[in-house]
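# Examining the three-dimensional arrangement
Okay, here's what each chain looks like letter by letter:
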Amino acid sequence: IRRGLLKGMSLSDPVEKCMCCNPHTARSGECQDSILARMRREKLHQLPILDEENRIVGMEILDDYLLPTARENWVVLMAGGLGTRLGELTKATPKPMLHVGDKPLLEIILRRFLDQGFRRFYISVNYMAEVIETHFGNGEHLGAEIRYLKESKRMGTAGSLSLLRELPVEPLVVANGDLLANIDYAHMLDVHVDSGVAATMGVSEYEFQIPYGVVCESNGLIQRIDEKPVHTSLISAGVYVLSPEALAHVPADSFFDMPTLFESIIAGNMRAATYKVHGYWLDIGRAPDYQKANADIDSVFGGVGN
């Protein structure tokens, strides 16, 4: 009607002159996959749903298909570290609140979880906790629910989990607050649940090269010489999924690190698995890492920090 009026039609003209007589529609009960395929093919953002008498009974909207699956799982972001390796940078600002682009690193991490359907967060705080709490509050302005685990002393990378108000019913996702990484947390959670393990550790491949020729010998005789060989090892990527039963291995109000937790889980005859993290991953521990994060934020994350 708007377009008809713009073309010079009057309100007394028949509606047939401006209406679409052959609209794109779908039938009630039609498979959603086929509806989505048609909307993509025809570049449609809305598609009316008709019953057998051609009456509109609903509307499919493309954006609804693009929304991530809502996750009720809690996410714990570890943000209580001192960040001493960053020197002057963290004397007045806790490391997770250092800006990468124009947003604090911790906010970038939290927003990536939000983009994947997670909404419920605990932030473990200690050093300059008030800076973090003032910035995030209860999370309402971000569309999140945020609670805080307040450490009264240093508790390591897992100890603050003993401060949870209640034992979670669903698996818990734990992530360090100093990582700039392109991780599919939702997929990692799904793999964890499907595998039925007690704990999953995100791991990344780390390569290092020996800058010399390595001599391989047997009984004093040289077998071969490997010139500057490259070795690959798996290292912890600083992200974990823990089933409720795994949390029973965290001692109350004590310093406790994640490697010790996984060792305790394995010693208790519970299964722990790895999840390989592919793509961009950067542990911001030193000043050069922080500089690299700021150099990479636009190209790797499409300006998420701006």
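Refer to the structure presented above.
Cut-offs and rules
- Residues numbered from 1 in each chain as written.
- Predicted model: local features only at pLDDT ≥ 70, side-chain atom pairs only at ≥ 80, totals over all residues.
- Heavy atoms only, no water.
- Buried < 20%, exposed > 50% of the residue type's maximum accessible area, 1.4 Å probe, protein only.
- Helix = DSSP H or I, 4+ residues; strand = E, 2+ residues; numbered from the N terminus.
- Arc of directions from axis to C-beta.
- Pairing = 2+ DSSP bridges.
- Axes fitted to C-alpha atoms, helices over the stretch in contact; angles between N-to-C directions.
- Contact = heavy atoms within 4.5 Å.
- Salt bridge = Lys/Arg side-chain N within 4 Å of Asp/Glu carboxyl O.

A word on helix α2 (residues 32-42). Among all positions in α2, only Ile 35, Leu 36, Arg 38 and Met 39 are buried. Buried residues of α2, viewed axially, fall in a sector of 160°; they line one side. Of the exposed residues in α2, the ones pointing more than 90 degrees away from its buried face are Asp 33, Arg 40 and Arg 41. Positive backbone phi, approximately 55°, marks Lys 43, located one or two places after α2.

Bringing the sheet that holds strand β9 (residues 172-176) into the picture now. The strand order across the open sheet formed by 7 strands is β8-β7-β4-β9-β14-β11-β15, and the pairing between neighbours is mixed. Each edge of the open sheet carries a strand with a single partner, namely β8 (145-150) and β15 (272-276). The mean inter-strand angle of the sheet, taken between neighbouring strand axes irrespective of direction, is 35°. Two elements, strand β11 (residues 199-209) and strand β14 (residues 230-242), share 10 bridges in a ladder whose sense is antiparallel. Residue pairing across strands places Phe 208 opposite His 231, the latter belonging to β14. Together, β9, β11, β14 and β15 form the strand contacts of helix α7 (residues 258-267), whose direction differs from that of β14 by roughly 80°.

The subject of this paragraph is the pattern of salt bridges. Applying the stated rule across the entire model yields 19 salt bridges. Between Arg 120 and Glu 72 there is a salt bridge, and its shortest N-O distance comes to 3.7 Å. Residue Arg 120 is located in strand β7 (residues 118-125), and its partner Glu 72 is located in strand β4 (residues 71-78); the two are separated by 48 residues in the primary sequence. The partner of Arg 286 in a salt bridge is Asp 289, with the nearest N and O atoms 3.2 Å apart. Three or more residues are tied together by salt bridges with common partners; here these are Glu 72, Arg 120, Glu 145, Arg 147 and Glu 166.

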